[in-house]
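# Summary of the model geometry
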Amino acid sequence: MSYLGVEQSLSGRRWVGPAPDVERAAEMLIQQAGLPRAVCQVLARRGVSAMEASGFLEPKLKELLPDPRDMKDMEKAATRFLSAVRNKQRIAVFADYDVDGGSSAALLLVWLRQMGLQATLYVPDRIDEGYGPNVPAMQELAATHDLIICVDCGTLSHEPIAAAKGADVIVLDHHLGGETLPDCAAVVNPNRQDESGDLGYLCAAGVVFLMLVEAGRQLREAGVKGPDLIGLLDLVALATVADVAPLIGANRALVRQGLKVMAQRQRPGLVALSDVARMDSAPNSYHLGFLLGPRVNAGGRIGQADLGARLLSTESMHEAQALSQRLDELNTERRDIENAVRAAALEQAEERGLDAPLVWAAGEGWHPGVVGIVASRLKENANRPAIVIGFDGDEGKGSGRSISGVDLGASIQRLAAEGLLVKGGGHKMAAGLTVMRDQLEPAMARLSELLAKQGAGEGGPADLKLDGTLMPGAATIDLIEQIEKAGPFGASAPAPRYALPDLQVRFAKRVGESHLKLSLSDGIGGGLDAIAFGAFDGPMGEKLSNHGGARFHFAGRLEVNSWGGRQSVQLRLEDAAEAI
């Protein structure tokens, strides 16, 4: 049954309210735990009982952090790492070019610097070298280093790692493993095929952090004090949120504590980047995912691949400010490129049809640095796994994003094993691939078939799930602060979304190219400001701008808007429906 009678909103979605059992659980929590209703609604949705509530609201690392030795090869990796440190061997860090790779590299570079060692950073160029270790780079690094640590990559890099003659290689990764592992000193990866998968939710930075925890334990056993690890959690939090890792288990504690560390503004790179992004409030998961993450990623997408890792690891505020400014410029450039590719990809996908198990598009010259973001947009539009591929001649490089419950990475890996792809891999929600032009159609057809077996393509446009109704007068900063206690929010832990029923549009103004700023009123003295990003990319912008005095139901999430030293409540509007 639809919520507030909304069967088809302005974005074509059906609104769905909380299930009866969730509402009953929330009422029990209110009575038994004595917590505010808004907090209890979140806890009930997450399946948290009254006995578990206090531990959930105050996640502690010492209780939630897993024993690093629960992962295979962890003890071996830390032992070899510390041997290199003690013997002052030459260490190189080979990192992926995204936020997770950059943060993972920065964790090692900063830790080693505090131990008196300077490591070499190597980040491959996305276009010239592609993802992960390659033979020439590994040969070059092995010629001048004793230990190479591959972070956020390497699990499937058998040949490049074998080419690193004369150097030991450690892999610290989280991408899906194959049937065999590279022959090297250690492969630490919770998504190895011989792992239990219990820690499969960790991003690479989480794996690197656990390796440093194990290294710290071995140092203490030897009577040596190692670097402070708590101070590194801002990097772990950034990577966890930006890599869309599920905010469950230890990740909740890592991000919660990391946000506290970030708020202290001690890391030059994150201070400078926060200032460039005009963050004027305490950091939260939204800031990490939508303001900081895209800027760190911009270097690897369309600029110099190592800019992000250099920013996150630098000690110099002067260098941090220069790098942040450059990344901000690249991010603006990235948006322009993305918009052009997105328009072409959406048109092509719509012509092919958005109701198949897989939505895909491919084009000549589409920039490899933006195909992943465009795939994410297609996925959101169609509620289907999506692949977007950019061709350069006969070879195409693509990226994919999946929906909950559909393992895209495993399907891509199978395509590669069947010979339909040059290479491919990833994890459940995201994957990358390389395909030859003559194999494009058969590869996409086979992928669609594999995804259909997992249930892709069965649903329509995503239902909009709501946690309850709220009147404008109840939307206060105090309420937002109460809700934040149940956070952090992100992947697998969405922030509560409320319906504000039967409101008038008092004021509407287009902001930028496609956004809409609104002032809403209940007609009896209650009001609320709202912002709808990308409203004019669909029918919502025009409909609300030319409302003609009609009343609407609105749906979205509450946030604190800070401007000019003042704070106010704002609705981040996601959808609307005519009130009948």
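The paragraphs below set out a description of the structure included in this document. (Residues numbered from 1 in each chain as written. Predicted model: local features only at pLDDT ≥ 70, side-chain atom pairs only at ≥ 80, totals over all residues. Heavy atoms only, no water.)

## Some remarks on the sheet that holds strand 7 (residues 359-364)
- Taken in spatial order, the five strands line up as 7-8-9-11-10 in an open sheet, and their pairing is mixed. Of all strands in the sheet, those bounded by a partner on one side alone are strand 7 and strand 10 (423-426). The average undirected angle you get between the axes of adjacent strands in this sheet is 15°.
- Sheet strands touched by helix 16 (residues 371-382): strand 7, strand 8 (386-392) and strand 9 (395-401). Its angle to strand 9, the strand with the most contacts, is close to 45°.
- Taken strand by strand, helix 18 (residues 440-452) contacts strand 7, strand 8 and strand 11 (430-436), and its axis lies near 165° from that of strand 8. (Pairing = 2+ DSSP bridges. Helix = DSSP H or I, 4+ residues; strand = E, 2+ residues; numbered from the N terminus. Axes fitted to C-alpha atoms, helices over the stretch in contact; angles between N-to-C directions. Contact = heavy atoms within 4.5 Å.)

## Description of the packing of helix 13 (residues 285-302) against helix 15 (residues 317-352)
- At their nearest, the axes of helix 13 and helix 15 sit 8 Å apart, and the two run at 70° to each other. Considering the angle they form, helix 13 stands roughly perpendicular to helix 15. In the crossing of helix 13 with helix 15, the sense of the turn from one axis to the other is left-handed. Of helix 15, the residues touching helix 13 (which contributes Pro294, Arg295, Val296, Ala298, Gly299, Arg301 and Ile302) are Leu327, Asp328, Leu330, Asn331, Glu333, Arg334, Arg335 and Ile337.
- Classifying every residue of the contact of helix 13 with helix 15 gives seven nonpolar, two polar and six charged. (Parallel < 35°, antiparallel > 145°, perpendicular 65-115°, else oblique. Left-handed = near helix turned anticlockwise from the far one by under 90°. Nonpolar A, V, L, I, M, F, W, Y, C, P; charged D, E, K, R; others polar.)

## Topic: the packing of aromatic side chains
- If you walk through the whole model with that rule in mind, you get four aromatic pairs.
- Where Tyr286 meets Phe290, the ring centres are 5.1 Å apart and the plane angle is 25°; that geometry is what we call stacked. A residue pair is termed a helical-turn pair when its members lie 3 or 4 positions apart in one helix, as Tyr286 and Phe290 do in helix 13 at four residues.
- Residue Tyr286 is classed as partly exposed on the basis of its relative accessible area, which comes to 29%.
- Over the ring of Phe56 we find Arg252; its NZ or CZ atom is 3.7 Å from the centre of that ring. (Phe/Tyr/Trp six-rings, centres within 6.5 Å; stacked < 30°, edge-to-face > 60°. Buried < 20%, exposed > 50% of the residue type's maximum accessible area, 1.4 Å probe, protein only. Lys NZ or Arg CZ within 6 Å of the ring centre and 35° of its normal.)

## Points about empty space enclosed by the protein
- Overall, the coordinates contain one cavity of 30 Å³ or more when judged by the stated rule.
- One number sums up the size of the largest cavity: a volume of about 40 Å³.
- Lining the largest cavity are Asp96, Tyr97, Asp98, Gly102, Val123, Val296, Ala305, Gly308 and Ala309.
- Residues that form the lining of the largest cavity fall into these classes: five nonpolar, two polar and two charged. (1 Å grid on protein atoms, 1.4 Å probe; cavity = no way out; pocket = protein on both sides within 12 Å on 5 of 7 lines; lining within 4 Å. Points joined across faces, edges and corners; volume = space filled by probe spheres on them.)

## Some points on helix 7 (residues 135-144)
- Ala137, Met138, Leu141 and Ala142 are the residues of helix 7 that are buried. Axial view of helix 7: buried residues confined to an arc of 125°, hence all on one face. Exposed residues on helix 7 whose side chains face more than 90 degrees from its buried face are Pro136, Glu140 and Ala143.
- The inward-facing, buried residues of helix 7 contact strand 2 (91-95), strand 3 (120-122), strand 4 (147-151), helix 8 (158-162) and strand 5 (168-172).
- The residue sitting at the N-terminus of helix 7 and contributing the capping side-chain oxygen is Asn134; that oxygen lies 2.9 Å from the backbone nitrogen of Ala137. (Arc of directions from axis to C-beta. Polar contact = N/O pair within 3.5 Å; in protein donor to acceptor, adjacent residues only side chain to side chain.)

No statement about biological role is implied by the geometric values presented.
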